[in-house]
Amino acid sequence: MKPLEHLIEIEEDVLLEEQVDQEEHDLVVFNDDVNTFEHVIRILMKVCGHTMEQAEQCSLIIHYKGKCSVRKGSFAKLKPMCESILDAGIQATIV
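Here the structure is a predicted model, which is why all the values come from computation and not from measurement.

Draft legend 1. Layout of the environment of Ala76. With respect to the element layout, Ala76 can be found in helix H4 (residues 75-87). For the pair Ala76 and His25, spaced 51 residues apart in sequence, the C-alpha to C-alpha distance is 9.7 Å.

Right, dumping it as structure tokens:
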């Protein structure tokens, strides 16, 4: 590989990483038979900055639909939120 081709390849990789991080992702929380409504509501308020009403509505959607997108944003913004929710014993992922 010629040196110039190598630089172009590196630049394309960096641009691709920046593009992925700027994409809008969803933080999804899943229903379980363990956590109470109160616990889920408290965690959504603490971690995601939801109001009481938002957290209650999300908890009902989680309960009846099995999951709910509780926050949108970049992967970098959502990752610490997802980890905090997981640390609280609630199943979550970023999609």
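After that view, the rundown keeps rolling.
Draft legend 2. The arrangement of the state of the cysteines in detail. Under the criterion given, the structure shown has zero disulfides. Counting only cysteine sulfurs, Cys58 is the nearest neighbor of Cys48, a cysteine outside any disulfide, at a range of 7.8 Å. Free cysteine: Cys82, not disulfide-bonded; nearest cysteine sulfur from Cys48 at 9.6 Å.

Draft legend 3. Layout of the sheet that holds strand E2 (residues 67-73). Spatially, the three strands line up as an open sheet ordered E2-E1-E3, and their pairing is antiparallel. Of all strands in the sheet, those with a lone pairing partner are E2 and strand E3 (92-94), marking the two edges. In this sheet, adjacent strand axes meet at a mean angle of 20 degrees when their direction is disregarded. Bridging between strand E1 (residues 25-30) and E2 involves six bridges; their strand directions are antiparallel. When the bridges of E2 are listed, Asp26 appears paired with Lys72. Running over the sheet, helix H3 (residues 52-65) touches E1 and E2 and is turned about 135 degrees from E2.

Draft legend 4. Quick peek at the pattern of salt bridges. Taken as a whole and judged by the stated rule, the model has one salt bridge. In this structure, Asp26 engages Lys72 in a salt bridge whose closest nitrogen and oxygen atoms are separated by 2.5 Å. Remark: Lys72 occurs in strand E2 and Asp26 occurs in strand E1; sequence separation between them is 46 residues.

Draft legend 5. View of the pairing of E1. The buried fraction of E1 is high, at five of six residues. Bridge count between E1 and E3: three bridges; the pairing is antiparallel. In the strand pairing of E3, Val28 is matched with Thr93.

Cut-offs used in this document
Residues numbered from 1 in each chain as written. Predicted model: local features only at pLDDT ≥ 70, side-chain atom pairs only at ≥ 80, totals over all residues. Heavy atoms only, no water. Helix = DSSP H or I, 4+ residues; strand = E, 2+ residues; numbered from the N terminus. Disulfide = S-S within 2.5 Å. Pairing = 2+ DSSP bridges. Axes fitted to C-alpha atoms, helices over the stretch in contact; angles between N-to-C directions. Contact = heavy atoms within 4.5 Å. Salt bridge = Lys/Arg side-chain N within 4 Å of Asp/Glu carboxyl O. Buried < 20%, exposed > 50% of the residue type's maximum accessible area, 1.4 Å probe, protein only.

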